[in-house]
Every structure is written in structure tokens, then in C-alpha cells.
Amino acid sequence: MFNYAPMEEKTFHSWDSLLDHTHDEEKYVKPLNMGEHNDWRFENDEYLCTGTDTFKLNEKGMSGFNSRILPTNCKNIINKLTDKGLASDVLNNLLQTNEAKEQIKKTNLIVDHSNGTILGAVGLHYGFYPNFNFTGDLMEIFGDNVKFERATIANTKMNLSVVDVREEGEISGSGGVGVDKFALGLNIGNSMVGDLSLLFDYFLRRDVCANGMQINAFNHNNRIIHKGDDISSKIENVISNTTEGLGKLRESLDKLAGIPFNPTKLVDLGCSVNFIDGKEYPLYPSNFYNPNKEYLTDGHREKSFSDTVEYVKNIPYLFGGETSRAVFSTSFRDNASMWDFVNVYTEEAKKHTPAIRNEIERNSGILMNQIVSNREEFFNGETIEVEAESVN
């Protein structure tokens, strides 16, 4: 088994704190050309060495090294080895192959020189764009038009959410008397180790419970690959292209709030509702319903369907936080809507680590798009398949 260096995950609540961190990050995180060094070798199931230089690897660093230089799934195999020194022996044997030697010449390691840790591995033509530069460019472009919501960084992978002060509104529902305010903005991502393009998606914040939702912009022009030296010059244009779609997002929210909560139809359509682990609850179905699955008998299908509907019906009460659960029966709505249901997930997300929270918020956005794209099916008896969309 290989011994990995730990990975830190940090959260920021202001431009200044993000800028300070990324400034330190820029000072120490640099590319290292493997081809300019000789005698690469692993030692003690923990270190990658060249000459007198010794580096540790975290898990993301090993994954990047594996994808660039080693055979597929090599990392998974060495993680299962138990004899001391065997992981290093296997890795060193693989480094002697002609394929590995050729790839080493074409690879930059991304190294955090503050602690000697390898964070990732990229090609020589990868456009290295530090988070510090990215943050500075964003601050200049946005000016006073956005409010900083939050940012997270893990292994240089940055996820930043901002809301546009010009894009605030409210959801009133059907006959509701409460004011349910929201703000729209952008969810922005970057990485310095090759595992994420510069990405610009939508972000929604619900004021009544400070929930967040990350929504795919469904725009092929909403990302920038790390290639070339002109990355910075492309950002403003991509932001402009993405924000043009905020009006359509606002329309989608109105539609979502106008759809009554209907667990039977959610299950019938195969909507992606199962992205929070509910296995601890007795109501969790032993066979979660899938409309595209072939069941042994009609009875098995009906049992799976009814068990899943019962579970989905109770999701607001199993996972709903203080606010999202209350919204189902307070003056914010006179009847629960799909907007309320999706926000059960976004409030639950706040209980988790930054990485899991981001994942739940992204999957909440996927669920929202599935419901809205099938809006008519919630008002008639017909059923159509939900357009396939992966949920991680």
C-alpha cells in the first residue's frame, strides 16, 4: 500500500481571504519538468525521488501521475498491496518501460514546494493559470456588480460562488403570502493540476435559508481549456456569454415553483432524487426504482416503484433542515412545490464538507433541470423518459 500525503480543504468567505491564500499558493505551487531530471524512482512506498530531491504525493497527485505515465488502474492495484516495499518495487519496474520513459519526457509535475508534495501531473503544453491570477482577473471584471458568496479550494481546485446584485428576485408560489427571496449569480471553477477547465456555471442563493444551488449553464462556450498564454483575455467574454442566460434561469425558477410536489411523478420519470445517502433509514427501498430497468416480474417492478415513492414522499422529513422542512407548511407556500423539494437537498448540503456540499448543490441543479424540462408531465397522465444526465 502506498502512503499518501494529506490534502487540505479550505473555505473562504471574502475576496481578501481568498486573495491572501491564493497569493501564498502561487509562491509555492509550480510546474516541474520531469524530462529535465534523471533517475526517477519510488522509495519506501511513500516518496518519488530524483537525484537528491524527494517528494511525497497526495492521492490526487498519484492519480495524475498514473493517468500520465503508468498503466490504467495502476493506482488501484498498488493500494491493495500489503507487503512492505512492494508498491515501490512494482512502480519502479513500470517506470523502466519504454512507454513510461517517453511519457516522463512529456510531463510536468505540479509540486507544492512549501511541503514537497506532488499535487498532480500535466502535459508540457498545459496552460498553467494560478488561482491568484484568476482571482485578481475576476475581481477586476466584476467590480462592485457581485457579492462574494463563498469559495473552496482543495488541491488547487477552486470553486467560487458569487451573486449578481442586479439579479435578485422572489418566488411567491401559488397563493403564498411569504416573501421567498433569491439571488442569481455564477459558480466559477479552476484548477492548477489538470482536473478542471476554467468553468462558468450558474449559482442560486435562497435568502430564507441561505441555501445554494449550482446549475449547469448548458452552454458550450462556458469553459476555457488550459491551453496557450492568453487564458486571462478570454475570461470576460465567457462571463458575458454565460450571464446572458440568467433570464432563462429566472424563468426556470418560476416554472419550478409552479409545479406541485409530486413524488409519484418524480419516481415515474426517473428523476435523479437519490444523491443523498439515505440507507440508514428503514424507509430506504432495498431496490431503488429505475424506469429503464428490466424487472423479474411485474410484481417486483410494482414493489420497487411503491417503496421508492414512499421514500421520496418522506425525503423532506428525513433530510429537511429547520427551514426547508418548515417551508412545506408555512406562509412561504400554501402548498409544497418542487422548488421547496429541491431546496431540501440544498439545505442538507450545508451540513457536509465543502467538496460534498458542492457535489450536492450541483446535483440539485441537475434535478431542477430534469423537473423543469418535464414540466408538462407533472400536469398530465403521460410519462416520458427524463433526458439522461449523469449524477456523481
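Computed from a predicted model, the values in this text were never measured in an experiment.

A. Summary view of the environment of R206. With respect to the helices and strands, the residue R206 is situated in strand 11 (residues 198-206). For R206, a relative accessible area of 0% puts it in the buried group. Taking the C-alpha atoms as reference points, R206 and K181, 25 residues apart in sequence, are found 6.2 Å from one another.

B. Here's a closer look at the packing of helix 8 (residues 246-257) against helix 12 (residues 338-349). Remark: helix 8 packs on helix 12, axes separated minimally by 6 Å, with the N-to-C direction vectors making an angle of 105°. Our classification of the angle between helix 8 and helix 12 gives roughly perpendicular. Along the contact surface, helix 8 presents L253, L256 and A257, while helix 12 presents M338, W339 and V342.

C. Representation of the side chain of S191. Note that S191 resides in the loop between strand 10 (180-190) and strand 11. Using a relative accessible area of 0% as the deciding quantity, one classes S191 as buried. At a separation of 3.2 Å, a polar atom in the side chain of S191 contacts the main-chain amide nitrogen of V193.

D. Fine view of the pairing of strand 7 (residues 117-123). With seven of seven residues buried, strand 7 lies mostly within the body of the structure. Bridging between strand 5 (residues 53-57) and strand 7 involves two bridges; their strand directions are parallel. From the neighbouring strand, K56 faces strand 7, where its bridge partner is T117. Sheet topology places strand 6 (residues 107-112) next to strand 7; six bridges connect them, and they run antiparallel. When the bridges of strand 7 are listed, D112 appears paired with T117. Here strand 6 hands over to strand 7 after four residues, with G116 in that stretch at a positive phi of 65°.

E. Expanded view of the pattern of salt bridges. Applying the stated rule across the entire model yields 15 salt bridges. A salt bridge links D39 to R41; the shortest N-O distance between them is 3.1 Å. Overlapping salt bridges, with partners in common, bring together D39, R41 and E43 in one network.

F. View of helix 8. The first and last C-alpha atoms of helix 8 sit 17 Å apart over twelve residues, in line with the 16 Å expected at 1.5 Å per residue. Within helix 8, burial applies to L246, L249, S252, L253, L256 and A257. Projected down its long axis, helix 8 shows its buried positions confined to an angular sector of 130°, all on one face.

G. Molecular detail of the sheet that holds strand 2 (residues 29-33). Taken in spatial order, the six strands line up as 2-6-7-5-4-3 in an open sheet, and their pairing is mixed. Two strands in the sheet have a free side with no partner beyond their single neighbour: strand 2 and strand 3 (41-43). Averaged over all adjacent pairs, the angle separating strand axes in this sheet is 45°, with direction ignored. Inspection of the sheet shows strand 2 paired to strand 6 by five bridges, in the antiparallel sense. Along strand 6, the bridge assignment pairs N33 with N108.

H. Expanded view of the packing of helix 1 (residues 15-28) against helix 6 (residues 131-142). Orientation of helix 1 relative to helix 6, taken along the N-to-C sense of each, is 150°, at an axis distance of 7 Å. Where helix 1 abuts helix 6, its residues W15, L18, L19, T22, H23, E25 and E26 lie against N131, F132, N133, T135, G136, L138, M139 and F142. Residues that form the contact of helix 1 with helix 6 fall into these classes: seven nonpolar, six polar and two charged.

I. Fine view of the packing of aromatic side chains. Throughout the structure, instances matching the rule amount to 15 aromatic pairs. Between W15 and F148, the ring centres sit 5.1 Å apart and the planes meet at 70°, which makes this aromatic pair edge-to-face. Of this pair, W15 sits in helix 1 while F148 sits in strand 8 (residues 146-154), and the two are 133 residues apart along the sequence. Assigned by exposure class, W15 and F148 land together as buried. Centroid distance Y289 to Y295: 6.0 Å. Interplanar angle 10°. Geometry classified as stacked. Here Y289 and Y295 have matching classes, each one buried. Taken together, F2, Y4, F42 and F65 form an aromatic cluster joined through their ring pairs. The side chain of K75 reaches across the aromatic face of Y4, ending 6.0 Å from its centre.

Conventions we followed
Within every chain, residues take consecutive numbers counted from 1 along the sequence as written. Totals for whole chains, interfaces and linings use all residues, but because this is a predicted model, local features are given only for residues with pLDDT of at least 70 and pairs of side-chain atoms are given and counted only at 80 or more. Here the side-chain values reflect all heavy atoms present in the structure, with hydrogen atoms and water set aside. Put simply, DSSP H or I for four residues or longer makes a helix, DSSP E for two residues or longer makes a strand, and each gets a number counted from the N terminus. Throughout, exposure labels follow a simple rule: accessible area from a 1.4 Å probe, protein chains only, divided by the maximum for the residue type, with under 20% read as buried, over 50% as exposed, and the rest as partly exposed. Lines fitted to C-alpha atoms define the axes here, with helix axes fitted over just the stretch in contact, and angles between the N-to-C directions of these axes take values from 0 to 180 degrees. Each angle receives one of four descriptions, namely roughly parallel if under 35 degrees, roughly antiparallel if over 145, roughly perpendicular if within 65 to 115, and oblique otherwise. By the convention used here, residues are in contact when the closest approach between their heavy atoms is within 4.5 Å. What qualifies as a polar contact is a pair of N or O atoms within 3.5 Å, subject to a donor-acceptor requirement within protein and to the restriction that residues adjacent in sequence count only when both atoms come from side chains. The rule for pairing is simple: two strands pair if DSSP sees at least two bridges between them. Should a side-chain nitrogen of Lys or Arg be within 4 Å of a carboxyl oxygen of Asp or Glu, the pair is scored as a salt bridge. Expected span of a helix: the number of residues minus one, times 1.5 Å. Directions drawn from the helix axis to the C-beta atoms are what define this arc. By the convention adopted, Pro, Cys, Tyr, Trp, Phe, Met, Ile, Leu, Val and Ala count as nonpolar, Lys, Arg, Asp and Glu as charged, and the other residues, Gly among them, as polar. Here the aromatic set is Phe, Tyr and Trp, taking the six-membered ring for Trp, and pairing holds for ring centres within 6.5 Å; pairs whose planes are under 30 degrees apart are stacked, those over 60 apart are edge-to-face, and all others are tilted. Consider the ring centre and the ring normal. A charge sits over the ring if Lys NZ or Arg CZ is within 6 Å of that centre and within 35 degrees of that normal.

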